[in-house]
Amino acid sequence: MRLVAVLCAGWAVIYADRTVLYPLLTVIGREFGLSGVQTGLITGAYFTLYVSGQLTSGLLAERFGLKRMLILYCLVAAVGMAGFGLAAVNYLALLAVAGLHGLGAGAYYPMAYSIAIHSIPGSARGVASGIINGGMSLGLVAGLALAGPFYQATGSWRVPFLILAIPTFLVALLYRGAVREVQIPARRSDSLWRMLRDPTLLCMNLAGFCVLYGWWVLLSWAPVFFQTERGVSLTMSGLYTLVIAFTAIPSGLILGRLSDRIGRKRIILGMLPLMAVTLVAVAQVHSRTGMLLVLMAYGLVGKLAWDPLGIAWLGDYMSRTRPEAVGAAVALFSFTSVMSAVIGPPLTGWIKDLTGSLAGGFYVAAAVALVGFFLSLVPADSGRRGTTP
């Protein structure tokens, strides 16, 4: 329980670091005179290095240990956050510090969940993943809720980043004393190329890409969409987006626990079509009440609720077939999934420049979610209804 609690806390900090940026994109774009594509490339630079951090940390952890890499990359993330406030004096510097923070933050998912998979039995893996994943929702609330008030109180978009650099550094110190190093069963025998060609892993990885594509489009562009096309203020646009977390936290916990009992696949197959419907609805609603209801519905079936099931499904398969390769598999899973963040926000910015509206970007995200449904049909469900054989 202590391990689950501290990993949840770390996710809250890392996610607050990330999401504090999104409501401020309009302000940053105005200061630097950026187009929609250039604004989208800020998150593109972040996630280009983010996916690099995921893959490199997974490989380095096999030699130096999961805990050491978790601490090291958290420190890199803290330096990147401070860089937003102190070094982002022009557009290129802004892209550089975004990438630096992305490099550090990218290691969190593979390191944290690899430690959890090695430490938590399969019969409790779904609910434990749900609790850890709740940190994302808490960080989402903190980042989106604090960005507007801090900016309006100080007149500077840099202040929120400087403030959040402090807990990011403290998280690294927390892990030094609160997390034990995990003993990996043996050295990985499979090459990364063979793991990439595994049909089960390939479909899981690509399904993760499809789920996260819609999430990054929504998280990156929904505040801007609400501000520019629905007349919502900067502060309120962040608050609207964070309502996703209020339904995602209980949904992730309930579905994670349910998946421990009846298996992961059938729940995932029910979630993905509903996810697509909610993404279409985001572009369709105009009333304030409608926006809130649609975002709450996305929270119930969207990425944050899917995450505990997806990582537990992967953990079940790897624990059964290649326990020594869990770290590499989680890194590949996260790498492939988060590649959607490199593609989705800039592509949506291009759609905005082309059509004058962000609505088309949400329609594309819904279609991608449906592709994820068909990919999820391929892998078998967990061995004995959520337990590790």
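Before reading further, recall that the structure is shown in the block above.
**Q** What's the story with the overall build of the protein chain in this structure? I'm lost.
**A** Counting its regular elements, the protein chain contains 16 helices and zero strands. Rg of the C-alpha trace for the protein chain: 19 Å, near the compact-globule value of 21 Å for 389 residues, within the 12% margin. On the principal axes, the C-alpha backbone points of the protein chain span a range of 55 × 40 × 35 Å. The buried share among the 389 residues of the protein chain stands at 62%. Intrachain contacts of the protein chain at a sequence separation of at least 6 include 86% that bridge at least 24 residues. Summing over all exposed atoms, the protein chain offers an accessible surface of approximately 13900 Å²; the carbon and sulfur share of this is 69%.

**Q** I'm lost on the environment of Tyr-46 in this one. Help?
**A** Relative to the helices and strands, Tyr-46 is located in helix α3 (residues 36-64). Assessed through its relative accessible area of 4%, Tyr-46 is described here as buried. Leave out the neighbours within four places in its chain, and Tyr-46 touches Arg-18, Ala-98, Gly-99, His-101, Gly-102 and Ala-105.

**Q** What should I look at first to understand a nonpolar patch on the surface in this one?
**A** Taken together, Leu-75, Ile-166, Phe-169, Leu-170 and Leu-173 make up a surface patch of nonpolar side chains, about 450 Å² in accessible area. In terms of residue count, the dominant contributor to the nonpolar patch is helix α8 (residues 159-178) (four residues). By the secondary structure assignment, Leu-173 is in helix α8. On the accessibility criterion, Leu-173 (46% relative accessible area) is partly exposed.

**Q** Looking at this structure, how should I read the packing of helix α6 (residues 108-119) against helix α7 (residues 125-154)?
**A** Helix-helix packing is characterised by the crossing angle of the two axes and by the distance between the axes. Contact pair α6 / α7: the axes reach a minimum separation of 11 Å and the direction vectors enclose 150 degrees. Here α6 lies roughly antiparallel to α7, going by the angle between them. In this structure, α6 meets α7 at a crossing whose hand is right-handed. Along the contact surface, α6 presents Tyr-109, Tyr-113, Ala-116 and Ile-117, while α7 presents Arg-125, Ser-129, Ile-132, Asn-133 and Met-136.

**Q** Looking at this structure, I do not really get empty space enclosed by the protein. What am I missing?
**A** Under the defined criterion, the tally for this structure stands at six cavities of 30 Å³ or more. Of the pockets and cavities examined, the largest cavity occupies roughly 90 Å³. As for the largest cavity, its lining consists of 15 residues, and the residues nearest its centre are Tyr-109, Leu-212, Lys-303, Ser-334 and Val-338. Elements supplying a minimum of two residues to the lining of the largest cavity: α1 (2-19), α3, α10 (199-229), α14 (303-321) and α15 (326-355). Considering each element in turn, the lining of the largest cavity owes the most residues, four residues, to α15. Looking at the lining of the largest cavity residue by residue, the classes come out as nine nonpolar, three polar and three charged.

**Q** Would you mind going over the packing of aromatic side chains with me for this structure?
**A** Aromatic ring pairs: the centre-centre distance and the angle between the two ring planes describe each pair. One pass over the full model with this rule turns up 18 aromatic pairs. Ring centres of Trp-157 and Phe-161 lie 6.0 Å apart, and the angle between their planes is 85 degrees; this geometry places the pair in the edge-to-face category. A single burial state applies to Trp-157 and to Phe-161, both of which are buried.

**Q** Any chance you could explain the side chain of Arg-158 here in plain terms?
**A** Considering the arrangement of structural elements, one finds Arg-158 in the loop between α7 and α8. Polar contacts involving the side chain of Arg-158 include one to the main-chain carbonyl oxygen of Ala-88, which spans 2.8 Å. If near-sequence neighbours (up to four positions away) are discounted, Arg-158 is found in contact with Glu-31, Phe-32, Phe-84, Gly-85, Ala-88 and Val-89.

**Q** What's the story with the side chain of Thr-168 in this structure? I'm lost.
**A** Locating Thr-168 in the fold gives a position in helix α8. What makes Thr-168 buried here is its relative accessible area of 1%. At 2.7 Å, the side chain of Thr-168 forms a polar contact with the side chain of Asp-17. There is a polar contact of 2.8 Å between the side chain of Thr-168 and the backbone oxygen of Leu-164. Every residue in contact with Thr-168, bar those within four places of it in the chain, is listed here: Val-13, Asp-17, Cys-74, Ala-77, Ala-78 and Met-81.

**Q** Teacher, can you tell me more about the state of the cysteines here?
**A** Covalent bonding between the sulfur atoms of two cysteines is what defines a disulfide. This structure, assessed with the given rule, holds zero disulfides. With no disulfide partner, Cys-74 has as its closest neighbouring cysteine sulfur the one in Cys-8, 14 Å distant. Note on Cys-74: relative accessible area 3%, which makes it buried.

**Q** What is the right way to look at the nonpolar core in this model?
**A** Most often, soluble globular proteins have nonpolar side chains that are buried together. Grouped together as the largest cluster of nonpolar side chains are 136 residues, with contacts concentrated most on Trp-11, Ile-42, Trp-157 and Tyr-175. Filtering out sequence-adjacent residues up to four positions away, Trp-11 remains in contact with Arg-18, Tyr-50, Tyr-108, Tyr-109, Tyr-113, Ile-132, Gly-135 and Met-136.

**Q** Mind showing me how you'd approach helix α2 (residues 25-32) here?
**A** An α-helix turns once per 3.6 residues; consequently, residues spaced three or four apart project the same way. Along α2, the residues classified as buried are Leu-25, Val-27, Ile-28, Gly-29 and Phe-32. Within two residues after α2, Gly-33 carries a phi angle of roughly 65 degrees, on the positive side.

**Q** Hey, could you run me through the environment of Arg-230 in this one?
**A** Note on placement: Arg-230 falls in the loop between α10 and α11 (234-262). Residue Arg-230 is classed as buried on the basis of its relative accessible area of 14%. Measuring from C-alpha to C-alpha, the distance between Arg-230 and Ser-287 comes to 8.4 Å, with 57 residues separating the pair along the chain. Sequence-distant contacts of Arg-230, that is, excluding residues within four places in its chain, are made with Phe-225, Ala-283, Val-285, His-286, Arg-288 and Met-291.

Definitions and cut-offs
- Per chain, residues are indexed from 1 in the order of the written sequence.
- A pLDDT threshold of at least 70 governs which residues receive local features in this predicted model, and a stricter bar of 80 or more applies before side-chain atom pairs are shown or counted, although totals over entire chains, interfaces and linings include all residues.
- Water and hydrogen atoms were dropped before computing side-chain values, which therefore reflect all heavy atoms in the structure.
- Runs of H or I in DSSP of at least four residues are treated as helices and runs of E of at least two as strands, each being numbered from the N terminus.
- As a reference, a globule follows 2.2 Å times the number of residues to the power 0.38, and the radius of gyration itself is taken over C-alpha atoms.
- For the exposure calls, accessible area comes from a 1.4 Å probe over protein chains only, and a residue counts as buried if that area is under 20% of its type's maximum, exposed if over 50%, partly exposed in between.
- Contacts were defined at the residue level, with two residues in contact if any of their heavy atoms lie within 4.5 Å.
- Residue exposure ignores everything except the shown protein chains as possible cover, and the areas themselves are Shrake-Rupley values with a 1.4 Å probe.
- Distance thresholds for patches are 9 Å for like charges and 5 Å for nonpolar side chains (Val, Leu, Ile, Met, Phe, Trp, Tyr), applied to residues having over 30% relative accessible area and no salt bridge.
- Salt-bridge detection follows one rule: a side-chain nitrogen of Lys or Arg within 4 Å of a carboxyl oxygen of Asp or Glu.
- Note on method: axes are straight lines fitted to C-alpha atoms, helices fitted across the in-contact stretch only, with angles between N-to-C directions ranging 0 to 180 degrees.
- Note on angle classes: values under 35 degrees are labelled roughly parallel, values over 145 roughly antiparallel, values of 65 to 115 roughly perpendicular, and the remainder oblique.
- Here is the rule for handedness: rotate from the far helix to the near one, and if that takes an anticlockwise turn smaller than a right angle the crossing is left-handed, while a clockwise turn gives right-handed.
- A pocket, in this scheme, is an open set of points on a 1 Å grid over the protein atoms alone with protein on both sides within 12 Å along at least 5 of 7 lines, while a cavity is a set where a 1.4 Å probe fits but cannot get out; residues line either one if an atom lies within 4 Å of a point.
- Grid points are joined across faces, edges and corners, and a volume is the space filled by probe spheres set on the points.
- Classification convention: Asp, Glu, Lys, Arg as charged; Ala, Val, Leu, Ile, Met, Phe, Trp, Tyr, Cys, Pro as nonpolar; all other residues, Gly among them, as polar.
- For this analysis, a ring pair means two rings from Phe, Tyr or Trp (six-membered ring only for Trp) whose centres lie within 6.5 Å, classed as stacked if their planes differ by under 30 degrees, edge-to-face if by over 60, and tilted for the remaining angles.
- The definition of a polar contact used here is a pair of N or O atoms within 3.5 Å, where within protein one atom must be able to donate a hydrogen and the other to accept one, and adjacent residues in sequence count solely through side-chain atom pairs.
- What counts as a disulfide here is a pair of cysteine sulfur atoms lying within 2.5 Å.
- We call a set of buried Ala, Val, Leu, Ile, Met, Phe, Trp, Tyr and Cys residues a nonpolar core when their side-chain atoms join them within 4.5 Å.

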